[in-house]
Amino acid sequence: MSSFSFTAKSKAAFQTGRYPHQTGVINNNIYLPETRDSLAHCFSRAGYATGYIGKWHLDGAAKPGFVKPGRRQGYSFFEGFNRGHWYYKSKKLAGARYFTNDGKLVKPSEFESIYQTDLAIGYMKRNREKPFLLFLSYGTPHSPYVPPAPFNHYKPSDLKWRPNVSEEIRQRYAKGLCGYYGLIELLDHEIGRLVKFMKGAGLLEKTIIFFTSDHGDSHGSHGLQHKGHPEEESTGIPLILHGPKVKKGLVSQVLASQVDFAPTLLSMAGIPVPGSMAGRDLSAAVGGGEQDVPWVYLQGKMDRLGVRPAADTRNAGGRVVAAAWRTLVTPRYKLAVDSRLKVRLLVDIEKDPFELKNLAAEPSLEKLRGELLAKLKEVGRSIGDPFPRPLPGAKPR
């Protein structure tokens, strides 16, 4: 599964089924204009209760920010905040900050992920007698990588490094990765609490659970840190489904992107998919059927289009760091280009899943590069992406 590798862009794509250049959310801290065809609006028109809990990141720069009614993309119940990563109280962090549905600021004593789970269970208790759509937006795992006890037990000796993290930089990332492990274990625990409640309430087998993320983290792979890169560690995300119309035990190799999530969920619920959604309906693949997805198209660092990347700008792993990029992923290959449409990355992801060998300059693959580049341009034109021309500036809140 592939993401747009940045929080707000990914979240907007999930809610609308549209690409970042179509929503105008090309970076963080941008307001997503209200649309009647968002995921929650569609579910609401179909008679569902709609609720959102957690980080929103689609209402401009306000931090933490109360997201007012009319700016919630169709969610009738909203308990959360616009942006921020506080999680817990310390000398540097003021602890979790939440707004109730009517705008009251709450500062819970629990670690944020635990508090979010409590809110989600409460919402399901109140709505268990009718169909509901609940979007639970956990902030973790995300920096600061400081999990609460008893999840803060990982040591550097516990870490399993990816082969694309060089020995000389592992020490630099070890502390953060230990915390990341702990936050993932905490999240596993909280998802377990949700599932346990749903099973006891008779909701589990009649509810679709759609577990995914907005982006990955690099943690030293290829010498990179955090997000925003076309490499797999940043753009690759999990997608785990459970419920009606989901084939149990299926491990699918079908390509998917965040623009596909809304139309797929709507189709699984038997709700018409609006024509404004650019993503694919992948419900056939979810049910175990045949579905051919020949490519996904990713957009990155879209606010940096005017920055001309220097040929010798390299990171700690020796890989060229571009500004704005576009990426085409096929079942076998990944190709990434910079704002000059120069191929910066080409990998055979079937044979080289850790992207250890960049084939961008391999003479014997000139024909393949040309074909993939032509396909990337064709897809870009078909969805109206002006790249490499500048995008219209999106206005902050």
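Shown above is the structure to which this text applies.
Rules of the game
- Residues numbered from 1 in each chain as written.
- Predicted model: local features only at pLDDT ≥ 70, side-chain atom pairs only at ≥ 80, totals over all residues.
- Heavy atoms only, no water.
- Core = buried A, V, L, I, M, F, W, Y, C linked by side-chain atoms within 4.5 Å.
- Buried < 20%, exposed > 50% of the residue type's maximum accessible area, 1.4 Å probe, protein only.
- Helix = DSSP H or I, 4+ residues; strand = E, 2+ residues; numbered from the N terminus.
- Contact = heavy atoms within 4.5 Å.
- Salt bridge = Lys/Arg side-chain N within 4 Å of Asp/Glu carboxyl O.
- Lys, Arg positive; Asp, Glu negative; His and termini not counted.
- Polar contact = N/O pair within 3.5 Å; in protein donor to acceptor, adjacent residues only side chain to side chain.

S.K.: Tell me what's going on with the nonpolar core, and back it up with residues and numbers.
M.R.: When a protein is soluble and globular, its nonpolar side chains tend to lie buried together. Core analysis: the largest hydrophobic core is formed by 29 residues, its most contacted members being Phe 14, Val 25, Leu 39, Trp 56, Leu 58, Tyr 75 and Leu 266. Listing elements by their share of this core, those giving two or more residues are helix H1 (7-16), helix H3 (39-45), strand S5 (132-137) and helix H7 (261-268). Those residues within four positions of Phe 14 in sequence are excluded, and the remaining contacts are Leu 39, Phe 135, Phe 210, Thr 212, Gln 258, Phe 261, Ala 262 and Leu 265. With 23 residues, the next largest nonpolar core counts Leu 93, Met 124, Met 198 and Leu 204 among its residues.

S.K.: Hey, could you go over the pattern of salt bridges for me, with residue numbers and the actual values?
M.R.: Scanning all chains against the criterion turns up 14 salt bridges. Of the charged contacts in the structure, one is a salt bridge between Lys 155 and Asp 158, with a shortest N-O distance of 3.7 Å. Accessibility expressed as a relative area gives 46% for Lys 155, which makes it partly exposed. One salt bridge connects Asp 348 with Arg 332, and the closest N-O pair in it is separated by 2.9 Å. Of the two residues, Asp 348 is situated in strand S11 (residues 343-348) and Arg 332 in the loop between strand S9 (325-329) and strand S10 (333-338); the sequence distance between them amounts to 16 residues.

S.K.: Run through the environment of Phe 354, naming residues and quoting values.
M.R.: Considering the arrangement of structural elements, one finds Phe 354 in the loop between S11 and helix H9 (366-382). Those residues in contact with Phe 354 that sit more than four places away from it in its chain are Arg 162, Pro 163, Asn 164 and His 222.

S.K.: Which residues make up the side chain of Glu 79, and what are the values?
M.R.: Mapped onto the fold, Glu 79 is located in strand S2 (residues 77-81). For Glu 79, which is buried and forms no salt bridge, the nearest opposite charge comes from Arg 126, at a distance of 5.7 Å. Once residues within four sequence positions are removed from consideration, Glu 79 is found in contact with Tyr 52, Ile 53, Gly 54, Tyr 98, Phe 99, Thr 100, Asn 101, Tyr 115 and Leu 119.

S.K.: Describe the environment of Arg 18, and please don't skip the residues or the numbers.
M.R.: Of note, Arg 18 is situated in the loop between H1 and helix H2 (20-23). Classification of Arg 18 by relative accessible area gives partly exposed; the value is 30%. In the structure, Arg 18 is positioned 258 residues away from Ser 276 in sequence and 7.6 Å away in space, judged by C-alpha atoms. Sequence-distant contacts of Arg 18, defined by excluding residues within four places in its chain, comprise Ala 13, Thr 23, Val 259, Ser 276 and Met 277. Reaching out from Arg 18, the side chain makes a polar contact with the backbone oxygen of Gln 22 at a distance of 3.5 Å.

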